[in-house]
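Here are the chains, one letter per residue:
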Amino acid sequence: MSLPTKQVAAIRVCFGVIFYSILIQSTSLANEVDTDKVQEEQVLQRSVPASILSLKDALVSAEIAANVGVIYTEVGDTVIRGDKLVELDCREYDAKLDKAKADVETVRAQLLSAKSLIQSRKSDIASSKANEELLEAEATAQRSGIALAKAKYLAAKSRVKADTAKCHLANIELQRSRNLRQQRLISQQELDKALTEYQAAQAECDAVQSALIGVQSDIATTQAKTDAAMARVKARQSLTLAAESNLDAARTDIKAIEAKLTASLASLETEKIMVSRCTLVAPFDGQIVHREVQQGQRIGPGERAFQLISVSDIEVSAALSSHELTSLKTANDIYFQAGKARYKLSLRSVIGIVTGKARTQEVRLSFIEQSKLPVGMNGRITW
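Now for a description of the structure that goes with this document. (Residues numbered from 1 in each chain as written. Predicted model: local features only at pLDDT ≥ 70, side-chain atom pairs only at ≥ 80, totals over all residues. Heavy atoms only, no water.)

A look at the packing of aromatic side chains
And then number 1: Applying the stated criterion across every chain yields a total of two aromatic pairs.
And then number 2: Between the aromatic rings of F336 and F367, the centroid separation amounts to 6.2 Å while the plane-to-plane angle is 80°, which identifies the pairing as edge-to-face. You can see F336 sitting in strand β11 (residues 334-338) and its partner F367 sitting in strand β13 (residues 360-367), a full 31 residues away along the chain. Here F336 matches F367 in class, with each residue buried.
And then number 3: Consider the rings of Y343 and F367, whose centres lie 5.9 Å apart with planes at 85°: the pair is edge-to-face. (Phe/Tyr/Trp six-rings, centres within 6.5 Å; stacked < 30°, edge-to-face > 60°. Helix = DSSP H or I, 4+ residues; strand = E, 2+ residues; numbered from the N terminus. Buried < 20%, exposed > 50% of the residue type's maximum accessible area, 1.4 Å probe, protein only.)

Here's what the structure looks like:
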């Protein structure tokens, strides 16, 4: 059974609409898939220009004024830390160093002599004090002699008084006997006896008086000896004080010499440093990329002689916008690509300064594996 023509046409229209709808939906879905794929590729395929920098780049300069003597390295030479780069003509500095050494030895000799003098001064003081003690003992003995002489004087004086009284009594007895003899009351014999007793008493009295004078003389002599001994003690004390003053002066001299020695040693160290600067050495392992001195040239402090860079301590530098930096921080894999060479990197640091009209920040990236790429090479980092 055949359908009417109008029905067939209607069915065809319906099928056309359905097919067109399906086609539109398929095209839209395909477009959405392609857009996601492009966005995903854009996320995974970011890249910015970058270059390789050396972490060690030094200008080796002279620290003293001198003529260039021997040049040990040329541009392109590889050196290790401590290698000689150039030797300066330092005869002037060597002479100053020798003089500084001689000055130190001279001052040390002066210090040794001063210390020996200290010992001599101490010995002088000890000897003077020993003599002082001996003289004081002598003076003490003399003072004891004075005390003894004074005791003898007092004893003699007491005897003089007693003998004077005895002599006086004998004189009275003699006068009485003479009166009695004139009156013929006693015999001549008794008068002679009284006279004899008087003469004996008078002689004894004169002897004691002479002894008293002798004791007084002894006292005066002993006193003179004591005064002389005390004078010697005072003179020795003055010598001791002078010796102690000399010791203090010697100690002051030692302090001055020690200060001079300290200054001489400091000067010696300075000259040693100056001589050490006569040789320019490599501060680190690297390669000579520039030489600015010639043999015989006069060079002064701060003048550049060589440029040295490290070819092994390198890293990558790049400038990123804020969006690129955010993406880089979350990236799993980062690469430096130069031509066909490709090396994996790791983010080491982000410099905290935004610069330029593009408002970018510099990042530094380290090679995960050792690279032999030259310093200054340009490429791109991709992530």
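Comments concerning the pairing of strand β1 (residues 47-54)
And then number 1: Pairing analysis gives five bridges linking β1 to strand β14 (residues 378-382), with the strands arranged antiparallel. Looking at the pairing, S51 lines up with N378 of β14.
And then number 2: Inspection of the sheet shows β1 paired to strand β10 (residues 314-320) by five bridges, in the antiparallel sense. In the sheet register, A50 faces β10, and the bridge partner there is A318. (Pairing = 2+ DSSP bridges.)

Focus: the state of the cysteines
And then number 1: Within this structure, the stated rule accounts for one disulfide.
And then number 2: Two residues share a disulfide in this structure: C90 and C278, whose sulfurs sit 1.9 Å from each other. Classification of the bridge connecting C90 and C278 rests on its S-S torsion, roughly -110°, and on that basis the disulfide is left-handed. Placement of the pair is C90 in the loop between β5 (84-89) and α2 (91-182) and C278 in the loop between α3 (188-276) and β6 (279-281), with a sequence separation of 188 residues. As far as the burial class goes, C90 and C278 line up, both buried.
And then number 3: Here C205 is not cross-linked by a disulfide; its sulfur's nearest cysteine counterpart is in C167, at 4.8 Å.
And then number 4: Classification of C205 by relative accessible area gives buried; the value is 10%. (Disulfide = S-S within 2.5 Å.)

Let's talk about unusual backbone geometry
And then number 1: Positive phi, normally seen in glycine, also occurs at R184, with a value near 55°.
And then number 2: Its location among the elements puts R184 in the loop between α2 and α3.
And then number 3: In this structure, R359 is a non-glycine residue whose phi angle is positive, near 55°.
And then number 4: Mapped onto the elements, R359 comes out in the loop between β12 (341-355) and β13.

So, the sheet that holds strand β4 (residues 78-79)
In sheet architecture, strand pairing relies on hydrogen bonds along the backbone and comes in two forms, parallel and antiparallel.
And then number 1: Pairing is antiparallel in the open sheet, where four strands are placed in the order β2-β9-β7-β4. What marks the edges here is a single partner per strand, and that holds for β2 (57-61) and β4.
And then number 2: Strand direction decides the pairing type here: strand β7 (residues 286-291) and strand β9 (residues 304-309), joined by four bridges, are antiparallel. By the bridge assignment, R291 is partnered in β9 with F306.

A look at the pattern of salt bridges
And then number 1: Following the criterion strictly, the structure yields 18 salt bridges and no others.
And then number 2: For K344, the salt bridge identified is with D333, shortest N-O distance 3.1 Å. One end of the pair, K344, is in strand β12; the other, D333, is in the loop between α4 (322-330) and β11, with eleven residues separating them in the sequence.
And then number 3: With a relative accessible area of 37%, K344 lands in the partly exposed category. (Salt bridge = Lys/Arg side-chain N within 4 Å of Asp/Glu carboxyl O.)

Re the side chain of S327
And then number 1: Here S327 is to be found in helix α4.
And then number 2: Among the polar contacts listed, one links the side chain of S327 to the side chain of R46, at a separation of 3.3 Å. (Polar contact = N/O pair within 3.5 Å; in protein donor to acceptor, adjacent residues only side chain to side chain.)

Observations concerning the sheet that holds strand β3 (residues 66-71)
And then number 1: Reading across the sheet, the four strands line up as β6-β5-β3-β8 and stay open at both edges, with antiparallel pairing between neighbours. Sheet topology places β6 and β8 (298-299) at the edges, where each strand pairs with a single neighbour.
And then number 2: Relative to β6, β5 runs antiparallel, the two being bridged by three bridges. Bridged to K84 within β6 is V281.

Considerations on α2
And then number 1: The first and last C-alpha atoms of α2 sit 132 Å apart over 92 residues, in line with the 136 Å expected at 1.5 Å per residue.
And then number 2: Just past α2, the residue R184 takes up positive phi, approximately 55°. (Expected span 1.5 Å × (residues − 1).)

A closer look at the side chain of S264
And then number 1: Secondary-structure assignment places S264 in helix α3.
And then number 2: With residues up to four places along the chain from it excluded, the contact list for S264 reads D103, V104 and V107. (Contact = heavy atoms within 4.5 Å.)

Here we look at the pairing of β5
And then number 1: Where β3 lies against β5, four bridges are found, and the strand directions are antiparallel. Residue pairing for β5: V68 is matched across the bridge by L88.

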